[in-house]
Each structure stands twice: as C-alpha cells, then as structure tokens.
Amino acid sequence: MTQQRWVYSFEDINDALEMYKGDWKKVTGLLGGKGANLARMCAIGITVPSGFTISTECCNKYLELENEFPEGMWDQAMVALKKVEKNTGKKIGDKKNPLLVSCRSGAAQSMPGMMDTVLNIGLNDETAKAMVELTNDERFVYDSYRRLVQGFGAIVLGIDDEKFEHPLGEYKKEKGFNFDNELKADNWKEVLELYNKVIMEEKGITFPQDPMEQIRMSIKAVFSSWNVPRAIQYRERTGIPHTLGTAVNLQTMVFGNMGEEHSGTGVAFTRNPSNGKKEIFGEFLFNAQGEDVVAGIRNALPISALNDKLPKCYEQFIQECAKLENYFKEMQDVEFTIEQDKLYFLQTRNAKRTAVSRFKTMFDMVEEGLIDKKTAIKRITSDDVDMMLHPQFDPNVLKTAQKQGKLFATGVAASPGAAVGKMYFSSKKCVEMAKEGPVIMCRPFTKPDDVDGMFASKGLFTAEGGATSHAAVVARQFGIPCVVGCNVQIDEEKKTVTINGITLHEGDWVSIDGTTGSIYSAKIPTIQVKLEEQKHFMSILQWCDEFCSKEGIRDIKNGPSRGLMVWANADTAEDATRARSFGAQGIGLCRTEHQFLGDRAGILREFILTEDKDKKKEALDKLEVLQTKDFEELFIAMTDLPVVVRLIDPPLHEFLPDLLELTREVYELRGKGEKNEEKELMLKKAEQMHESNPMLGLRGVRLSIVLRQLVAMQTTAITQGAINAKKKGFNPVPEIMIPLVGHPNELKEIQPEVEEVSTNLLKKNNVEIDIKIGTMIEIPRACLVAPQLTKYAKFFSFGTNDLTQMTFGYSRDDAESGFLLKYVEDDILPNNPFKSVDQIGVGRLIKMCVDEGRESQPMMDIGVCGEHGGDPKSIKFFSQAGLTYVSCSAYRVPVARLSACHAILD
C-alpha cells in the first residue's frame, strides 16, 4: 500500500500539478497559499531560500489525531530536510556550518498575522558559536538567538509575549537604549539570559538545545495555531472554512540583521494598497528581521531608501516585482530580505487592500490588458462595495475643529475612512465598551491577539508602526479607518495618551481620519461619500450591468432581461434620486404608509377616529392631495423606469399611540377628575382595533377590503400623480401592488376596483399610461396558488421578510433578539434566515411560485423587495430561481449590482 505523501520540496511543484492535473486552485489547497507561491516563484526563476512544505492535509490529520503527526510525515520531512542541506551546503545542528530554518504557517486563503511563525530554528549554545566564527558578527548571532528563544517561548511554549517584552523594555531603559538596533553583542547575551530565566520560571524547563526537537515542536505549534481564537474569529469574519487547515513551510533562514550597510528586510506591494496607484509601495529596515517591519516595533523607512544605499538590489527588486505581477496577473504583497547584498523573496501573495485601491487596480489592469472585465468583476467582493460606503467627516465641521485647535496628532494614513468613538487602550476594553457605543482603539502597536478589539472598534491609531505594519494590513483588509506611527506617548497604567503637552484620557471622544492620517480630540459628525464621483467604482458597476443585460436597463415591452436587474426601495423623490444615482433600474417598493408619518399622521388619525362620514372624506381628500404630489415627484425622479407602489399595508392602530401608554394617560387624567375627549376617543378606538396578533390581523389586502375608500384614495393619488408627471413631459411607469394576498378571491375583490379607478381617471384626462396591477407574495399559501393569482396579477413581488416569518413561524423582532442567535451558534440553523434566504424551505416556495406563475404568464415580471434583496447569497439564489429583479435599500444597490453580476458569471 502506497504511503500518503505529506511533504513537498519547493522544487517539486510539478508533482503536485500532475496529481491535480494542472489545477492551481487544488494545488494551493494542498500546499497553502505561501507554499504554492514559493514553489511558483522557484519555477519562474525568482531567488527563494531553499525549503519544503508540509501539506494542509497533514494539518487536518494532525488535528484529527489529537496533535500527533500522521504516519510517515516525519520521515518525509527528514528526507526533504536533507535536500535543503544539499542545496545550501549547510547541515542542521552542525558545529562548523549550521543550517538555520524558519517554520511558517500558510493557509490556502491568506490570513495575515493570524497564525504563527518561528524564526532562527537550529540555533543553540554550540551553533551560535559556529555562526560567530562564520560571520565574524557576534552581535548579529546573539540578536538572532534571542529572537528564537523569545519566539519559541511565546509561540511554541505558549508564554505571554509580554513576559519577554517587559524585561527587554526594562533592560533598555536601564542601559539607556531607545531602539533594539542600539544593543551590542554583550547586551543581547544578557537579554538571552533574561529570556531563559522567563522560560524556566513560566514552564519549569530549559530552552531545548536539540535543533531537531526545535523543528518538531515548532511544526506542532504552527499546525495547532490553526485553531487559536484569533484565527477562528478571522475565518468567521471572512467566511474561510474551518476545515481547510494550514500548511507548514520549513525554509532556510536568510538574515537581514547582518549589519547596517548591506542587509535588511522589507514588505512591499506592487501597487499602492491605499489608493491603487501604480507604484511600488512598501517599507524597509536595515539590520532587521521580517517581524520588525510587520509588528511595527520600529518605524520603517520608505522602500525608496533601499535605492539610496543598495541601488543594484533595488533595481533587481523592482524588476522582480514587475515579473511577479505579470505572472500572477494581480497586485502582489511581497516579503523580502537582503543578506549581504543578495536579494531573497520570502513570500508573495495577492495583496489585501482598501476598496478604493481594489476598484482602481482592477480598472487599471483591464485598461493595461493584464486581465479582462469578467476577471476584474469576479475579484471584487460585496465587502469591497460596502467599504466604498464608509463615511467621511463633514468638511464644514472639520474646518471648525481645525480652527479650534482640535487636531491632536498626525501619522501615517494606513486605512481610509472616518471614524468617531470613545478611546480605549486594550483589545479587551474595546470589546467590552463597544456594547455601549462606538469605540476607537489606541495601542502602541497591534499584535495578532488584538484582533478582537480591532473588529469591535470603529477605527484605531497606534503610536508606532508604518504602512505595512500589522495594524495597517488588517485595518485595510476589513475597512477599518486607521492611522499608525503617530509618535504619541501612551501610558497604559494611567490610561492616557499624550503629545506636545496635550493629554487625552481613556473614554474621551476622538475622531480619526484614515485618509489624511489625522486624529482629532473632538466628536466630529460624518457624512456619506458621493459614490457617483468615484470613477473606477462606477465604471466597474456599469460593466456589471452590461453583463446582466445588453441594454443595462429593462426593456419594458419585451419583459424580463437575461440577468437580474437591481431596483430600490424608496418612498420619496429624494430617496429615489439617490437610488437612481447608485444605479437602481427601478423602484421595487414604495411603502405608502411611510408617507403618512410626521405631520400627516394627524390627518390619518382624524380619518381613523371620526365617525362622521363627511369628516372622514375631508381627511381622505387632504391625504389624496398630499399623496398625489408625492407620487408625481417620485415618477418624475424615476422617469422611464418602473415604480412599484404598495397600497397601505400595516394595521391602522400603528398610527395611534401605544395602547398601554394611552390607557395610563387616560386613567391618570380620570384620577385627577379630568377628562380629555380626544384621548378618550383614541383609547376607545385603540381598544376596538386592538388585536392579539396584529401581524396576522387586519392589514394588507384585508384592510383594503374593509376600507374601500382608502384603496380608492390611494389609487387615485397614484394615477393622478402619473398623469401630472406625463403632462410635464416625463414618462412615468407606475405599477400598483396589493399586499398580503393569501387567497385568489382577495385579489379578485380588489384588483377590479383598482383597475376601474385608474382607467376612469386616465380616460377623464385623455392620457395613456399602462398601469400594471400585481401582488406581493408574503404568505406561504400564495406561493401554492400562484397560477390562480396570475388571473388578476400582472406581476409578483416576494416580501421575503414576512414570507420567512410565516414559513418558519418565527416573529422576526422577537427571534433576532432572542433564541435565533443561539440557533445559529449551535448549528440548529446554518444562518439567520432573515439575513440570507432559507433556500431549502422558503426558497422552495419561491421557486414553485415562479415556475407555476410563469406557466400562466411566461414573460411575467417577478421580483423580491424584502431585506434579502441586498444580500449577496440570497441574490445568487434569486438569479437561479429566475426572478426578474431584486429591490433593496438605496445604499445596498451597488452591492446588489455586483452580486447580480456574480450570479451569472459564477
């Protein structure tokens, strides 16, 4: 029986490719993103330190075996290690020419900073002496040795990193050092002793001197890091499956900490990750190792500083970056080290970036001919679109704050967007206080363990670090406004942050601008960004529309288009104008009850309360005039595009004061011997109209049947509004939707009346407008009688909020604040059915309704206007189910346009 292969040398990429018949996606799943890309770099001639990869399959087997290596893995690793020794001419543990290696994680999907890395494995008391003989640089060797002991102690042995950082900080303070690179060889030897003491005190053991034991324990630690809390939370946040596992990469160490003149390390992007500009963007540190740049412990130099000292290395680096981007056809994030004037690439991966950068790089790469439009669209996610909606500071208030001297500090603009909140200094505190309101995280620098607090915060700023530090990279990926390297003094004991003599305390309000790198000691209001001014964003969404439909909008005469259209829910002309500017191709839901709010509520209340027929008519006449104007403005704003107006849906008691509150007020007045006729009448009506379960009571079409005059008034207002718009030269496309129908007879009762009122009014005004009459499908029974409903309805629109409630038997408001979260956490339900449509149950009803409805009316428009209309997963299902359009809130329209396109490209 052939033993399973767990280990692949970087040069063995063809073996993996052959096994998966050239499928790079499967190879990446096996070797992880880092391992696969290291192998690919080797294949195209990029200089990569020799090494090998232990597969993700091995990780999963290791976890399945409760942290034991599977059979054959260690032997295969030893064979691969021998190959590395041969390639390098070095040997692990050798007392003359020792091989040192790193042990790094590498999942199939990038998870920057979430799992573990151990560097300088192979150093011990004996090999350290050999390295001193080889390099003639005692400082470099003992700097590297203490890094191993610190990293091994924290990652492999599980000792709190602060247990190492604190004695180092105290030592530097005692000796008068500000930065790590100021310490000499003897200093690092003394620090090494401090670190060994920490391990003994914390774990009761000594640091292992056997290099093979270091390797074995490090591999186990990296495999185990797949399930550390921060990695689990990251996967949950990004939707990465927990079943993938991580690969482990054992790679020859190259050293950037071999002196100030000829060695260093850096992180760079082949384009600007903040704005997408085509330029190398990155940072570099002389005499440093990789974690120094990523952690932000030292403020790094811009990548151009490399050109000043090592121009040949810089020129080679620029050329290799271009080679990588052309090969991967995507913006790359690279880590590299220069050891004694020789350049090595340690990894490359598709770059995390801001949404602004994503849209610009995708647009530019299409223009450059590097990729096609389809590839560009598929690389953009709904999260990218969401991030484009990040608010900005109100410029007028911002100017005032600046004049008042509220600019507290400035730093590196690491992740764009504006954020306002109360400031806290620890990840734990941010998570705790975020439950009470918006928070801003303030840290000296962030580490992977801070990720909980970062996710809980509206924004963050750090005292140290640069544009490629951990804080910057994670913040950019998740659209968290971020400023780093502010050079503020943080006192975590006193809970204060100070700069230029000004001190802020924990809990103070601050505002940060990740676009300009500014921090303000004030609470500055924000405003929404003007998406229509974002050229690359709007252009790519237009490409999405082109894929969904040749014309980009519905051809009203010819019925449904090839792909899903995106309409919007809007109740006013202002809402509709905003939705149209975001690319909405119609209004799928105008809720007429929203037009009865504010001052108009009194008029409707008068209609409800009065028993006098004349007064009832007078109130309706007033509402008709107001609604006619509303609809006219709405049809003008949406000229040439359809507007679906839903007749009043909620029960009328919602327009009266709360019954309990009203009862309390009336009885208090009676107790004082006072009597308020209006409140007494309100209470009487509220008691008469009270229902045990109003969600299933007198609302929707039932209300229309009981109060015919309300239906006539609304139909007249809709029709007259369209007539007025038509007479002004616009092209209104009104559609009237009857809600909450469960039986064909309900529609049979109301549809003719609506049609008669609109037809008579159109004839009276000698105007031709085709007004469709349809129904909202919200009751499961309606899905089951779709063919009968098509006799009276010219279109269907699914109200998936109510349809989900009635199918599950859940009260949405009660469930989401009660048991539903536990259901999802305990995997009783795969997800919240009010956020992503339940495809098995609710989805089956929708599909049945669509299929049977279209049997009667093949070209019938069928849409959805619930919250699910803006959810990417639901949109994909609606596309597959054959719907014509989805309708969502205006600010979800861009997300829906992208998702509708993804649905037909996938």
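- Labelled according to an unreviewed UniProt entry, the protein chain appears under the name Pyruvate, phosphate dikinase, originating from Anaeramoeba flamelloides.
- What the UniProt record of the protein chain gives under Sequence similarities (unreviewed entry) is the line "Belongs to the PEP-utilizing enzyme family."
- Within the UniProt record for the protein chain, the comment given under Catalytic activity (unreviewed entry) is "pyruvate + phosphate + ATP = phosphoenolpyruvate + AMP + diphosphate + H(+)".

### Remarks on the UniProt feature "domain: Pyruvate phosphate dikinase AMP/ATP-binding" (unreviewed entry) in the protein chain
Now for step 1: Summarizing the sequence annotation, UniProt attributes the feature "domain: Pyruvate phosphate dikinase AMP/ATP-binding" (unreviewed entry) to residues 30-65 and 68-299 in the numbering used throughout.
Now for step 2: As annotated, residues 30-65 comprises 64% helix and 11% strand, and the C-alpha atoms at either end are separated by 19 Å.

### Quick look at the side chain of E753
Now for step 1: Summarising the element assignment, E753 is placed in helix α29 (residues 744-764).
Now for step 2: For E753, a relative accessible area of 18% corresponds to the buried category.
Now for step 3: Beyond its immediate chain neighbours, meaning those up to four positions away, E753 contacts R708 and A712.

### A short note on the sheet that holds strand β6 (residues 117-121)
Now for step 1: The strand order β1-β2-β7-β5-β6 describes an open sheet built from five strands, whose pairing is antiparallel. Taken across any chain shown, the strands that pair with only one partner, and hence form the sheet edges, are β1 (7-9) and β6. If you compare each strand with its neighbour and ignore which way they point, the axes differ by 20 degrees on average.
Now for step 2: Both strand β5 (residues 101-107) and β6 contribute to a ladder of three bridges, which runs antiparallel. Residue pairing across strands places V101 opposite I121, the latter belonging to β6.
Now for step 3: Helix-sheet contacts for helix α9 (residues 211-224) involve β2 (51-54), β5, β6 and β7 (246-252), and the interaxial angle to β7 is about 150 degrees.

### Quick look at the pattern of salt bridges
Now for step 1: On inspection of all chains with the given rule, the structure shows 47 salt bridges.
Now for step 2: D384 is the partner of R358 in a salt bridge, and the nearest nitrogen-oxygen pair spans 3.5 Å. Placement of the pair is R358 in helix α14 (residues 355-368) and D384 in helix α16 (residues 382-388), with a sequence separation of 26 residues.
Now for step 3: Of the charged contacts in the structure, one is a salt bridge between R646 and E593, with a shortest N-O distance of 2.4 Å. Taken together, the residues R646 in strand β28 (residues 642-646) and E593 in the loop between β27 (587-591) and α23 (601-609) connect sequence positions 53 residues apart. For the residue pair R646 and E593, the accessibility class agrees, reading buried in each case.
Now for step 4: One connected set of salt bridges, linked through shared partners, spans R139, D143, R146, R147, K172 and D180.

The rules behind the values
Residues numbered from 1 in each chain as written. Predicted model: local features only at pLDDT ≥ 70, side-chain atom pairs only at ≥ 80, totals over all residues. Heavy atoms only, no water. UniProt positions renumbered as here; feature names shortened; annotations may be inferred. Helix = DSSP H or I, 4+ residues; strand = E, 2+ residues; numbered from the N terminus. Buried < 20%, exposed > 50% of the residue type's maximum accessible area, 1.4 Å probe, protein only. Contact = heavy atoms within 4.5 Å. Pairing = 2+ DSSP bridges. Axes fitted to C-alpha atoms, helices over the stretch in contact; angles between N-to-C directions. Salt bridge = Lys/Arg side-chain N within 4 Å of Asp/Glu carboxyl O.

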